[in-house]
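Below are the chains, spelled out letter by letter.
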Amino acid sequence: PQPAQDGVCGNFNGDHADDTTATIMQRIGARVRPSESLLSGQAKIEFTHQMKKMLEAECPAATLAKAQAQCVTTLGALASVPNLTPACKFDYCFGMNVRARSHAKLYH
């Protein structure tokens with residue numbers, strides 16, 4: 001572990017209770033800042049029509065507003081990259097639901 005390390009594997013403080021998806025998202029948001037990513041390369045960002053419909057239908061307006069603010073702040077200049085901000089908002093709204101992307105496929 002590195003000082004101040006945090007992410008999907010937790011924060012390595014020995015307290016497993018604060019390594020849930022919800023607590024990690026509270027600490028670092030729905031996305032890792034590109035400048036802080038330890039991974040090389042860049043993932044393909046997907047945001048489908050079905051994901052858009054699910055976001056509109058199931059993410060409460062207050063949560064969606066928080067998602068917009070968090071994602072734009074976190075992404076900075078990259079917020080203008082196609083699909084990145086909407087995908088970030090989807091993750092913010094549904095990131096704790098491991099089946100959210102599969103559920104989105106039900107929207108036509």
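For the structure, check the block above.
Note that the structure is predicted; figures quoted are calculated from it, not measured.

**Q** What is the right way to read the overall build of the protein chain from this model?
**A** Check the secondary structure of the protein chain and you find five helices and zero strands. Moving toward the C terminus, one meets the helices and strands of the protein chain in the order α-α-α-α-α. Going through the 108 residues of the protein chain one by one, you find that 27% of them count as buried. Taking the intrachain contacts of the protein chain between residues at least 6 apart in sequence as the baseline, contacts between residues at least 24 apart amount to 60%. A total of about 7,300 Å² of accessible surface is found on the protein chain, and carbon and sulfur atoms cover 57% of it.

**Q** What's the story with the packing of helix H3 (residues 61-75) against helix H4 (residues 84-94) in this structure? I'm lost.
**A** Helix-helix packing is described using two parameters, namely the angle between the two axes and the distance between the axes. Viewed as axis vectors pointing N to C, H3 and H4 meet at an angle of 125°, and their least axial separation amounts to 9 Å. Our classification of the angle between H3 and H4 gives oblique. Crossing handedness for the pair H3 and H4: right-handed. Residues Thr63, Leu64, Lys66, Ala67, Gln68, Gln70, Cys71, Val72 and Leu75 of H3 form the contact with H4, whose own contacting residues are Leu84, Thr85, Cys88, Lys89, Tyr92 and Cys93. Here the residues of the contact of H3 with H4 are counted per class, giving nine nonpolar, four polar and two charged.

**Q** Any chance you could explain the pattern of salt bridges here in plain terms?
**A** Where charged atoms from two side chains of opposite charge come close, those side chains can pair. Counted according to the given criterion, the structure contains two salt bridges. Two residues, Asp19 and Arg27, come together in a salt bridge whose shortest N-O distance is 3.9 Å. Overall, the relative accessible area of 24% leaves Asp19 in the partly exposed class. Owing to a relative accessible area of 34%, Arg27 belongs among the partly exposed residues under this scheme. One salt bridge connects Lys52 with Glu56, and the closest N-O pair in it is separated by 3.0 Å. Of this pair, Lys52 and Glu56 are both found in helix H2 (residues 49-58), four residues apart, which corresponds to roughly one turn of the helix. A residue is classified by how much of its surface remains accessible, and Glu56, at 54% relative accessible area, is exposed.

**Q** I'm lost on H2 in this one. Help?
**A** Because the α-helix completes a turn every 3.6 residues, residues three or four places apart line up on one side. When we look at burial in H2, the residues that qualify are Met51, Met54 and Leu55. Down the axis of H2, the smallest arc covering the buried residues is 100°, so these residues share one side. Turned more than 90 degrees away from the buried face of H2, the exposed residues are His49, Glu56 and Ala57.

Reading the values: the criteria
Residues numbered from 1 in each chain as written. Predicted model: local features only at pLDDT ≥ 70, side-chain atom pairs only at ≥ 80, totals over all residues. Heavy atoms only, no water. Helix = DSSP H or I, 4+ residues; strand = E, 2+ residues; numbered from the N terminus. Buried < 20%, exposed > 50% of the residue type's maximum accessible area, 1.4 Å probe, protein only. Contact = heavy atoms within 4.5 Å. Areas by Shrake-Rupley, 256 points an atom, 1.4 Å probe, with all protein chains shown as cover. Axes fitted to C-alpha atoms, helices over the stretch in contact; angles between N-to-C directions. Parallel < 35°, antiparallel > 145°, perpendicular 65-115°, else oblique. Left-handed = near helix turned anticlockwise from the far one by under 90°. Nonpolar A, V, L, I, M, F, W, Y, C, P; charged D, E, K, R; others polar. Salt bridge = Lys/Arg side-chain N within 4 Å of Asp/Glu carboxyl O. Arc of directions from axis to C-beta.

Everything listed here is a matter of geometry and, on its own, says nothing about what the molecule does.
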